[in-house]
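Notes for the structure review
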Amino acid sequence: MDTMEFFIDPFSGTTQMQPWQWIFAICLIASFLQGASMGANDVANCFGTSVGAKVLTVTQACIAATIFITLGSMTIGSQVAKTVGRGIVNYKLFADTPQLFALGMLTAAISTGLWVSFATWFSMPVSTTHSVVGSVVGFGLVEFGGSGIDWWPGVGKIVISWVASPLVTGIFSVAFYLTAKYWFLRKVQQDESRLDWGLRQQVYYMGIVVFLAFITFLIFVTFTYDDEAVGMNLGISFGVATALAVGWMVYLHKPINAYYAKRGLIGGFHDEDEIVAKDLDELNEISSSSEHDEETATAPAAAATASGAVGSIAVSGASQRSNTMSVVSSIMRSDADLRADGLAPNDIWHPELESRFAFGQMLSACYEAIAFGANDIGNSSGTLIAVYQTIEYASVVSKPSPEYWALAYCTVGIVAGLWLFGANVMRTIGQNITLMTPIRGLSAELATAFSVLIASYIGIPVSTTHCSVGGVIGAGLCESQGYKKVNWKLMLKVAASWVLTLPVAMGLNALMYVICRGGTRGQWFVPPAAVVGNGVENAFNDYEYTCVGNADIQTCTLTFPSELLVEE
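Only a predicted model underlies this, so the values are computations on that prediction, with no experimental measurement involved. (Residues numbered from 1 in each chain as written. Predicted model: local features only at pLDDT ≥ 70, side-chain atom pairs only at ≥ 80, totals over all residues. Heavy atoms only, no water.)

**Here's the deal with the overall build of the protein**
Spelled out, the test is: Secondary structure follows DSSP: runs of H or I at least 4 residues long count as helices, runs of E at least 2 residues long count as strands, and numbering of each begins at the N terminus. Burial classification: accessible surface area is computed with a 1.4 Å probe over protein chains only, and a residue below 20% of its type maximum counts as buried, one above 50% as exposed, and the rest as partly exposed. In what follows, residue pairs with any heavy atoms lying within 4.5 Å of each other are defined as contacts. Shrake-Rupley sampling with a 1.4 Å probe provides the accessible areas, and residues are treated as covered by the protein chains on show and by no other component.
A tally of regular secondary structure across the protein gives 19 helices and 3 strands. Buried residues in the protein amount to 56% of all 568 residues. The contacts in the protein between residues at least 6 apart in sequence include a share of 83% that link residues at least 24 apart. Split by element, the accessible area of the protein, about 22800 Å² in all, is 62% carbon and sulfur.

Right, here's the structure in full:
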């Protein structure tokens, strides 16, 4: 055996990335599974309310989710993926060791999946977005300390958005809710003879909703692909949105409302006796836990009869502790809980008028699914794209181009999780419902979709659940004594879990990255064929070697059979 010492130039060349293709292979698996977990749990945020109100069946909801999540991810999803892959760590510092960048992105994908799975198992309402960002920050800190992170505008802008996004969503939700309330809902409530007038105003209100939904989506899509053609983009967006809104107001509302009326959804979503029974069951649970007597439980039943015609759309019981949708719905206290504490129940508008928002619920659910696909697809595809392009080009790409195959691949993962497991989550929501009126659900979902789409276009990863909570609270605060109807204890618990997620994900990935980097140290290159024979590359790790310079190798000492040396 002979010993030879030679100098290795800083990392250069695609040949040296060949041993690291296993990173890409493992990242493919991790990204798909991460997408599947989002499809199984988070998609319930979009369609759980519509399924619970029987506006859509579970199968219809899954089909709609498949279509609109794919639409969002394939049109706007590349923006957030770029931020996850390049906008968090200081990628320039990895110029000489891009394989470390790829390794860090891989461990970020794995640690995110581990932490979210752990938190879900213990019913902790954590955010996948927060977990991904924390994990990416973790390996950047390990490798280069504070200089390894793009603090501004990278991480700073993301953190600010986490505070601003639920506030902005709440403002949007308040605007949608109060507009309907003071435009026609309250007036019809005060004078029932104006019901026909109110129904006409509701058609116009939904026309405005249709216009806003389509014009914002089309503007974001057109400017994503060509931000210089301002006039054409605005003209197309305005024209299409106006045509659809006018079409709804002139004709489309008639067959659509007739369809929902035929299904028994116009005039009330559920049988009155069924709602009274559910309200009584829930109140009995509250009474038994807080030692209320039986007299306290009879009054709410009578009150429930008056308001029983309006549908309900949220999660209660065990399902509240098992998925993200439950967290959103539980932020507002139920009618039974409010009555048990002597508070006024949630505002109930005329059943005939309120139930006309059935189409609005479906529209807002589809719109929120587009926003979910546009933003959350970056959580799973961002790390995958970063790994792929680093391996492919043997360098950290400063201006990555969209990898639509990766967006499609991760979208398939989300859809697979939805069809395999998400349908059961939505079915559970439909069977365990507490009160959330259609107009409140419509306001919260539309507001969430607007906020998430804006963030997606800018390229900021935000939490869809984060925004949903802000939307629900915003609409709830518009009701009488709304501040008393918010479950502030749960809100503090949720906020604490969100804050906890960032350092935990950061620490978990830092540990995993250190372990993986240490296990592969000294294998950062393929020895040049000019020094050793061509057959050594694949069997290089079978021989003894030591390297100086840690990851950025400068000098290596190898010991191997002398016959493998190339004769000069």
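**Examining the state of the cysteines**
Keep this limit in mind: When the sulfur atoms of two cysteines come within 2.5 Å, that pair is taken as a disulfide.
Overall, the coordinates contain 0 disulfides when judged by the stated rule. For Cys410, which is in no disulfide, the shortest distance to another cysteine sulfur is to Cys27 and amounts to 8.3 Å.

**Describing helix 9 (residues 230-262)**
Rule in force here: Axes are fitted to the seven residues ending at a residue and to the seven starting at it; the angle between these axes is taken as the bend at that residue.
Taking the largest bend as the criterion, helix 9 deviates by roughly 65°, centred on Leu252, and proline Pro255 comes between one and four positions later. Buried residues of helix 9: Asn233, Ser237, Ala241, Ala245, Trp248, His253, Asn257 and Tyr260, and no others. Close packing links the buried residues of helix 9 with helix 8 (195-225) and helix 15 (358-393).

**Comments concerning the packing of aromatic side chains**
So the rule is basically this: The aromatic pairing rule takes the rings of Phe, Tyr and Trp, using the six-membered ring of Trp, and pairs them if the centres are within 6.5 Å, calling planes under 30 degrees apart stacked, those over 60 edge-to-face and the rest tilted. Only when the NZ atom of a Lys or the CZ atom of an Arg is both within 6 Å of the ring centre and within 35 degrees of the ring normal do we say a charge sits over the ring.
Applying the stated criterion across every chain yields a total of 22 aromatic pairs. When the centroid spacing of 5.7 Å and the interplanar angle of 70° are considered together, the rings of Trp183 and Phe184 count as edge-to-face. Three or more aromatic residues joined by ring pairs form one cluster here, namely Phe94, Phe101, Phe139, Phe144 and Tyr513. A cation over a ring is seen here: Arg194 above Trp197, with NZ or CZ 4.3 Å from the ring centre.

**Overview of the environment of Gly360**
Positionally, Gly360 belongs in helix 15. Along the primary structure Gly360 and Leu442 are separated by 82 residues, whereas in three dimensions their C-alpha atoms are 6.3 Å apart. Look past the residues within four positions of Gly360 in its chain and what remains in contact with it is Met206 and Leu442.

**Looking at the packing of helix 7 (residues 151-190) against helix 17 (residues 438-458)**
Condition: Axis lines are fitted through C-alpha atoms, for helices just across the contact stretch, and the angle between N-to-C directions can take any value from 0 to 180 degrees. Reported orientations rely on four angle classes, namely roughly parallel under 35 degrees, roughly antiparallel over 145, roughly perpendicular from 65 to 115, and oblique for the rest. Two helices that cross are described as forming a left-handed crossing if the nearer one is turned anticlockwise from the farther one by less than a right angle, and a right-handed crossing if clockwise. Amino acids are sorted into nonpolar (Ala, Val, Leu, Ile, Met, Phe, Trp, Tyr, Cys and Pro), charged (Asp, Glu, Lys and Arg) and polar (every other residue, Gly among them).
One way to put it is that helix 7 packs onto helix 17 with a least axis distance of 8 Å and a crossing angle of 140°. In terms of orientation, helix 7 lies oblique with respect to helix 17. Along this stretch, helix 7 crosses helix 17, giving a crossing that reads as right-handed. Residues Ser165, Val168, Thr169, Phe172, Ser173, Phe176, Tyr177, Ala180 and Leu185 of helix 7 form the contact with helix 17, whose own contacting residues are Ile439, Arg440, Ser443, Ala444, Leu446, Ala447, Thr448, Phe450, Ser451 and Ile454. Tallied by class, residues from the contact of helix 7 with helix 17 come to 12 nonpolar, 6 polar and 1 charged.

**Describing the pattern of salt bridges**
Rules: Salt-bridge detection follows one rule: a side-chain nitrogen of Lys or Arg within 4 Å of a carboxyl oxygen of Asp or Glu.
Enumeration according to the criterion identifies 1 salt bridge in this entry. Close ionic contact of Arg356 with Glu352 constitutes a salt bridge, the shortest N to O distance being 3.2 Å. Owing to a relative accessible area of 22%, Glu352 belongs among the partly exposed residues under this scheme.

**Here's the deal with a nonpolar patch on the surface**
This is how it is decided: Patch definition: residues with relative accessible area over 30% and no salt bridge; like charges joined within 9 Å; nonpolar side chains (Val, Leu, Ile, Met, Phe, Trp, Tyr) joined within 5 Å.
A contiguous nonpolar surface patch, about 400 Å² in accessible area, is contributed by Phe214, Met232, Ile236, Val240 and Leu244. At 4 residues, helix 9 tops the list of elements feeding residues into the nonpolar patch. Following the sequence through the fold, Ile236 ends up in helix 9. Ile236 sits in the partly exposed class, given a relative accessible area of 42%.

**Observations concerning the nonpolar core**
Quick reminder of the rule: Residue types Ala, Val, Leu, Ile, Met, Phe, Trp, Tyr and Cys, when buried and joined through side-chain atoms within 4.5 Å, form a set referred to as a nonpolar core.
Ranked by size, the top nonpolar core spans 101 residues in total, and within it Phe47, Phe101, Tyr205, Met206 and Ile439 carry the most contacts. Of all the elements, helix 15 adds the most residues to this core, at 17 residues. Membership of the second largest hydrophobic core comes to 6 residues, among which are Val469, Ile473, Val486 and Met491.

**What to know about the side chain of Ser443**
On the secondary structure map, Ser443 appears in helix 17. Taking the relative accessible area as the measure of exposure, Ser443 reaches 0% and is therefore buried. Setting aside its immediate chain neighbours within four residues, Ser443 contacts Ser173, Phe176, Tyr177 and Ala475.

**Some thoughts on the packing of helix 7 against helix 8**
With their axes 8 Å apart at the nearest point, helix 7 and helix 8 run at an angle of 165° to one another. As far as their axial angle goes, helix 8 and helix 7 are roughly antiparallel. The element helix 7 and its partner helix 8 pack so that their crossing is right-handed. Judged by residue contacts, Phe176, Thr179, Ala180, Trp183, Phe184, Lys187 and Val188 of helix 7 engage Leu195, Trp197, Gly198, Gln201, Gln202, Tyr204, Tyr205, Ile208 and Leu212 from helix 8. In terms of residue class, the contact of helix 7 with helix 8 is made up of 11 nonpolar, 4 polar and 1 charged.

**Side note on unusual backbone geometry**
Comment: phi is negative for the bulk of residues other than glycine, and the bulk of peptide bonds are trans. In this structure, the amide linkage connecting Trp152 to the following residue, Pro153, adopts the cis form with an omega of 5°. Relative to the elements of secondary structure, Pro153 occurs in helix 7.

**Observations concerning the side chain of Thr83**
When you line up the elements, Thr83 lands in helix 4 (residues 78-86). The class of Thr83 is buried, set by a relative accessible area of 16%. Ignoring sequence-local partners within four residues, the contact set of Thr83 consists of Ile88, Ile158, Gly459 and Pro461.

**Examining the environment of Thr128**
Residue placement: Thr128 occurs in helix 6 (residues 128-144). With relative accessibility at 10%, the residue Thr128 sits in the buried group. As a C-alpha pair, Thr128 and Val462 span 334 residues in sequence and 9.4 Å in three-dimensional space. Apart from residues lying up to four places away in sequence, Thr128 is in contact with Gln34, Met38, Asp42, Thr112, Val116 and Asn379.

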